[in-house]
Amino acid sequence: MNTLEEMNCRGVWLKCFDSLARNMHFEETDEQQMIRELVRDFAESVLPPTIEHRDANQIPPAEEWAQFIEYGLQGITIPEEYGGNPVDDVSESIIIEELARIDPSFAVMYCVHVGLCSKTIALHGNEEQKSKYLPRLAAGEVGAYSLSEAGAGTDAAAMVCKAKLSDDGTHYLLNGEKMWVTNGAQAQIYVLFAKDVDHPDYGVKKHGGSTAFIVEQSYEGFTVGKKEDKLGIRSSDTCTLVLNECKVPVENVLKGVGAGFPIAMNALDNSRIGIAAQALGIAQGAYESALKYAHEREAFGKPIAHHQMIMAYLADMATQIDAELIHHDDCKPVHFPRAHADGIHINVGAVKKFEDSLRHGRTHRVHGACEQDSGRKVTHTPLKPGCEGRRPG
């Protein structure tokens with residue numbers, strides 16, 4: 001690329017960024033501020049007393065969930081006619097961020113319920129399905145999403161869980177094992193994926209026959225398997241589901257047989273903003289904990305917050321978090337503030353705080369293969385001819 005072409009390319013980028021900046025408004029509305037205060041009050045008053053016990057023993061926050069649903073925020077992705085209380089995307093991010101700031105496990109549970117389960121049914125369900133399941137989810141029954149298998153994580157089309165129509169045509173029989181299912185044990189309603197072996201594309205296309213089902217835990221042939229012993233975010237239920245001739249009514253197929261793969265990808269794309277909000281909340285919590293400790297811990301006759309290196313750490317953390325607030329829809333975990341928080345805590349001997357920050361931050365990075373998948377999407381985004389591989393700088 002010659003100098004003139006490079007200048008033109010850079011000019012295009014700068015014009016795009018300038019136009020975007022002029023039309024972006026970062027001030028929260030009165031309603032969004034009210035939602036933040038409401039959720040922050042709940043998170044700070046209800047969650048902390050049980051966090052350590054639940055995390056150590058992998059206990060899902062069932063009692064805390066029962067208190068949370070009194071606020072009506074479990075139905076934010078459900079239309080009003082089905083009992084929901086819909087809010088805008090920014091408000092949804094605020095709720096998740098505030099929950100993750102105190103308890104990342106509760107935030108993950110909430111994210112899957114409102115996003116991957118409730119929103120998927122709201123977007124892709126027919127009237128009968130929405131009327132049957134959305135009011136239940138809006139009332140507080142926990143929802144889950146089951147796509148991954150032992151050999152099918154990010155490569156969702158590689159799943160081998162099978163579905164076959166019964167002889168009388170009234171239901172499907174599902175067989176196989178699903179893995180890493182968040183809310184796996186406590187959910188009552190699942191959006192679950194399997195391949196219809198009788199579909200004409202089954203065995204022909206990689207994702208041929210992929211079908212989305214609404215499955216209830218009470219269905220015959222459905223069993224919750226082992227719970228995963230995770231590094232972090234341990235109070236979030238993550239289980240294996242065992243399907244042994246599991247009987248699912250034909251009316252529980254979302255959008256039709258063979259239409260499951262686009263539904264699965266759409267659900268994952270919709271969840272990215274929530275994962276980014278979780279990362280932001282975890283970073284904010286790590287920063288606040290580090291800041292508090294830095295003012296409490298003294299060394300060389302003064303709080304370590306007054307030492308130059310610690311001041312730089314804290315300033316860098318705050319700056320990075322503010323930057324993520326502007327573009328956290330990139331869905332990239334906030335590593336930098338967490339790393340500095342780890343450094344401050346380990347230096348002052350607050351080993352438990354260091355451990356929690358490390359475990360939750362690292363575990364968060366693998367949710368939905370978000371970090372890697374986002375990178376793949378960026379590299380597959382077409383650029384203006386002649387600008388490949390270049391950014392303004």
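The structure under discussion appears in the preceding block.
Everything in this summary refers to the structure shown in the same document.

What counts as what
- Residues numbered from 1 in each chain as written.
- Predicted model: local features only at pLDDT ≥ 70, side-chain atom pairs only at ≥ 80, totals over all residues.
- Heavy atoms only, no water.
- Helix = DSSP H or I, 4+ residues; strand = E, 2+ residues; numbered from the N terminus.
- Buried < 20%, exposed > 50% of the residue type's maximum accessible area, 1.4 Å probe, protein only.
- Contact = heavy atoms within 4.5 Å.
- Areas by Shrake-Rupley, 256 points an atom, 1.4 Å probe, with all protein chains shown as cover.
- Disulfide = S-S within 2.5 Å.
- Expected span 1.5 Å × (residues − 1).
- Bend = angle between axes of the 7 residues up to and from the residue.
- Axes fitted to C-alpha atoms, helices over the stretch in contact; angles between N-to-C directions.
- Parallel < 35°, antiparallel > 145°, perpendicular 65-115°, else oblique.
- Left-handed = near helix turned anticlockwise from the far one by under 90°.
- Pairing = 2+ DSSP bridges.
- Nonpolar A, V, L, I, M, F, W, Y, C, P; charged D, E, K, R; others polar.
- Core = buried A, V, L, I, M, F, W, Y, C linked by side-chain atoms within 4.5 Å.
- Polar contact = N/O pair within 3.5 Å; in protein donor to acceptor, adjacent residues only side chain to side chain.

**As for the overall build of the chain**
1) Next: Counting its regular elements, the chain contains 12 helices and 10 strands.
2) Next: Across the 393 residues of the chain, 48% fall into the buried class.
3) Next: Intrachain contacts of the chain at a sequence separation of at least 6 include 74% that bridge at least 24 residues.
4) Next: As presented, the chain carries roughly 18900 Å² of accessible surface, and 55% of it is formed by carbon and sulfur atoms.

**Some words on the environment of L174**
1) Next: In this fold, L174 is placed in strand β3 (residues 171–182).
2) Next: Note: C-alpha distance between L174 and C246 (72 residues apart in sequence) is 4.9 Å.
3) Next: Once you skip the residues sitting within four places of it in the chain, L174 turns out to touch K162, A163, L192, A194, F213, L243, N244, E245, C246 and V248.

**Some details on the state of the cysteines**
1) Next: By the definition in use, this model includes 0 disulfides.
2) Next: C161 carries a free sulfur, and the closest cysteine sulfur to it, the one in C246, is 8.9 Å from it.
3) Next: On the basis of relative accessibility, which here comes to 1%, the residue C161 falls in the buried class.

**Some details on unusual backbone geometry**
1) Next: In the Ramachandran plot, N183 falls in the positive-phi region, its phi being about 70 degrees despite a non-glycine side chain.
2) Next: Judged by relative accessible area, which is 0%, N183 ranks as buried.
3) Next: The phi dihedral of E245 is positive, around 55 degrees, even though this residue is not glycine.
4) Next: Note on placement: E245 falls in strand β7 (residues 238–249).
5) Next: Owing to a relative accessible area of 40%, E245 belongs among the partly exposed residues under this scheme.

**Side note on helix α6 (residues 104–124)**
1) Next: The terminal C-alpha atoms of α6 lie 28 Å apart, and with 21 residues this matches the ideal 30 Å at 1.5 Å per residue to within 8%.
2) Next: The sharpest bend along α6 comes to roughly 35 degrees, located at S118.
3) Next: α6 sits mainly inside the fold: 19 of its 21 residues count as buried.

**Regarding the packing of helix α5 (residues 89–102) against helix α8 (residues 260–296)**
1) Next: Orientation of α5 relative to α8, taken along the N-to-C sense of each, is 40 degrees, at an axis distance of 7 Å. With respect to each other, α5 and α8 are oriented oblique. Both α5 and α8 take part in a crossing whose hand is right-handed. Contact residues: S93, I96, E97, A100 and R101 in α5; I273, G274, A277, Q278, L280, G281, I282, Q284, G285 and E288 in α8.

**Overview of the pairing of strand β4 (residues 189–196)**
1) Next: Most of β4 is tucked away: 8 of the 8 residues are buried.
2) Next: Strand direction decides the pairing type here: strand β1 (residues 143–146) and β4, joined by 4 bridges, are parallel. Bridging from a neighbouring strand, S146 pairs with L192 of β4.
3) Next: In terms of strand pairing, strand β2 (residues 162–165) meets β4 through 2 bridges, oriented parallel. Looking at the pairing, K162 lines up with K195 of β4.
4) Next: Bridge count for β4 against strand β5 (residues 210–216) is 7 bridges, and the pairing is antiparallel. In the strand pairing of β5, A194 is matched with T211.

**So, the environment of A163**
1) Next: Positionally, A163 belongs in strand β2.
2) Next: Take A163: its relative accessible area is 1%, and that puts it in the buried class.
3) Next: Taking the C-alpha atoms as reference, A163 lies 6.2 Å from V197; in sequence the two are 34 residues apart.

**Quick look at the packing of α5 against α6**
1) Next: Contact geometry of α5 with α6 gives a least axis separation of 6 Å together with a crossing angle of 150 degrees. What the angle tells us is that α5 and α6 run roughly antiparallel. Between α5 and α6, the contacting residues are D89, E92, I95, I96, L99, A100 and I102 on the first element and P104, F106, A107, Y110, C111, V114 and K119 on the second.
2) Next: When the residues that make up the contact of α5 with α6 are grouped by side-chain class, the tally is 11 nonpolar, no polar and 3 charged.

**With respect to the nonpolar core**
1) Next: One finds L99, Y110, Y145 and L174 to be the most contacted residues of the largest nonpolar core, which totals 68 residues.
2) Next: At 11 residues, the largest contribution of residues to this core is made by α6.

**Some thoughts on the environment of K164**
1) Next: Along the chain, the position of K164 falls in strand β2.
2) Next: Look at K164 and you get partly exposed, because its relative accessible area is 42%.
3) Next: Considering only alpha carbons, one finds K164 and L174, 10 residues apart in sequence, at a separation of 6.7 Å.
4) Next: If we skip the residues at most four places from it in the chain, K164 touches H171, Y172, L173, D196, V197 and D198.
5) Next: A distance of 3.2 Å separates a polar atom in the side chain of K164 from a polar atom in the side chain of D198.

**Topic: the pairing of β3**
1) Next: Strand direction decides the pairing type here: β2 and β3, joined by 4 bridges, are antiparallel. Note on β3: the bridge partner recorded for L165 is Y172.
2) Next: Between the antiparallel neighbours β2 and β3 lie 5 residues, among them G169 with a positive phi of about 75 degrees.
3) Next: As paired elements, β3 and β7 share 9 bridges and run antiparallel to each other. Along β7, the bridge assignment pairs Y172 with V248.

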